[in-house]
Amino acid sequence: MAYKTIQTKTEGRVGVITLDRPKALNALCDELTGELADALAEFEANEDIGCVVLTGSTKAFAAGADIKELQEKDFVSLYLNDPFAKTWESVARFRKPIIAAVSGYALGGGCEIAMMCDFIIAAENAKFGQPEINLGVMPGAGGTQRLPRAVGKSKAMDMCLTGRMMNAEEAERAGLVSRLVPVDDLMDVAMEAAEAIASKSLPIAMMTKESINRAFEIGLSEGIRFERRVFHSQFATEDQSEGMAAFADKRAAHFKHR
Ligand code: HXC
């Protein structure tokens, strides 16, 4: 499908979505969020895709929701027809692994979308922030919930109440990002990680993601029970038989479901 505010491509089993509204630093306007949801639905339905990389430009992953559009909203219109909800759900509930490759600004909704992904690989110039308080609102796409889970209460309060930005080093120290890489290496590293994931068994990778995400929804003993049930069920898959047989035979595994 041809999009106006994003670009999509596939490389092997990896789907790449590039936010592409350079004049507005990839601000998340209604059109862009709609296209993002459509692109994710396409990759979710495509059996040949095993992992997705979501990225932006060198200057901006996304500088947040489009403030010029937000300005026009009122309580009732947002309450009745939240234009973002479908997109946030489509990222947060995307069932296949999805990596955010962040360079430049990831602010407001941009930081929140990155946090909806499974992990963040950041370039050295990345800047994360929840500056909504400067606009007279607070984060509204999960920032008050996901940021404290990622970096702890103190830093999340600091970010959301002062509106300050966190540089990439601080973000890595705080656990918000999994890897910090030179700007020029960002896509190579993200693609390498995505290709590694996409070479595994897709159902097993999806169950692994689902199980880790359960850790943020339920208590430890229920989480362990969930993990154990899913782990047991994996022994009903051909990919478990193949993975273990390949190890015993000292050869590479050829997963059927990938
Ligand atoms: C609309 C934006 C924008 C945004 C940048 N632009 N961010 N337009 N919405 N969020 C536009 C600018 O208006 C400008 O357009 C162009 O992009 C370049 O931006 P500059 O400000 O000139 O660039 P620079 O001086 O380099 O500053 C970069 C910046 C700054 C620090 C990122 O643009 C900034 O503070 N942006 C807003 C960040 C923010 O508050 N984000 C949170 C949004 S609220 P023109 O036409 O003038 O050239 C949010 C809520 C989410 O995200 C919850 C949703 C439910």
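Refer to the structure above for everything that follows.
Anyway, here's the lowdown on the structure attached to this text. (Residues numbered from 1 in each chain as written. Predicted model: local features only at pLDDT ≥ 70, side-chain atom pairs only at ≥ 80, totals over all residues. Heavy atoms only, no water.)

What about the pairing of strand 3 (residues 51–55)?
The element strand 3 is extensively covered by neighbouring structure, given that 5 of its 5 residues are classed as buried. Neither face of strand 3 is open: one carries Cys51, Val53 and Thr55, the other Val52 and Leu54, and all of them are buried. Pairing geometry for strand 2 (residues 14–19) and strand 3, over 5 bridges, is parallel. Along strand 3, the bridge assignment pairs isoleucine 17 with leucine 54. A crossover links strand 2 with its parallel partner strand 3, the connecting element being helix 1 (residues 30–45), and its sense is right-handed. Sheet topology note: the strand 3/strand 5 (residues 98–102) ladder contains 4 bridges and is parallel. The partner of valine 53 across the bridge, within strand 5, is isoleucine 99. (Buried < 20%, exposed > 50% of the residue type's maximum accessible area, 1.4 Å probe, protein only. Helix = DSSP H or I, 4+ residues; strand = E, 2+ residues; numbered from the N terminus. Pairing = 2+ DSSP bridges. Right-handed = clockwise from strand over helix to strand, strands pointing away.)

Notes on the site of the ligand
Every one of the 22 residues lining the ligand counts as a neighbour, but Ala63, Ala65, Ile67, Lys68 and Gly109 are closest to it. The contact in question runs from a nitrogen atom of the ligand to an N or O atom on the backbone of alanine 63, over 2.9 Å. In the environment of the ligand, an oxygen atom lies 2.8 Å from a nitrogen or oxygen atom belonging to the backbone of glycine 109. Within the residue set of the shell around the ligand, elements represented by two or more residues are helix 2 (67–70), strand 6 (105–107) and helix 5 (109–116). Residue composition of the shell around the ligand, grouped by class: 12 nonpolar, 4 polar and 6 charged. (Near = heavy atom within 4 Å. Polar contact = N/O pair within 3.5 Å; in protein donor to acceptor, adjacent residues only side chain to side chain. Nonpolar A, V, L, I, M, F, W, Y, C, P; charged D, E, K, R; others polar.)

A short note on the pattern of salt bridges
Considering all chains together, one arrives at 14 salt bridges under this definition. Lysine 4 is the salt-bridge partner of glutamate 31, the closest N and O atoms lying 4.0 Å from each other. In this pair, glutamate 31 is assigned in helix 1 and lysine 4 in the segment before strand 1 (6–11), connecting sequence segments 27 residues apart. Of the residues examined, glutamate 31 reaches a relative accessible area of 38% and is grouped as partly exposed. Aspartate 66 is paired through a salt bridge with arginine 21; the nearest N and O atoms lie 2.8 Å apart. Of this pair, aspartate 66 sits in the loop between strand 4 (60–62) and helix 2 while arginine 21 sits in the loop between strand 2 and helix 1, and the two are 45 residues apart along the sequence. Note on aspartate 66: relative accessible area 8%, which makes it buried. One network of salt bridges, in which partners are shared, links Lys155, Asp158, Arg164 and Glu170. (Salt bridge = Lys/Arg side-chain N within 4 Å of Asp/Glu carboxyl O.)

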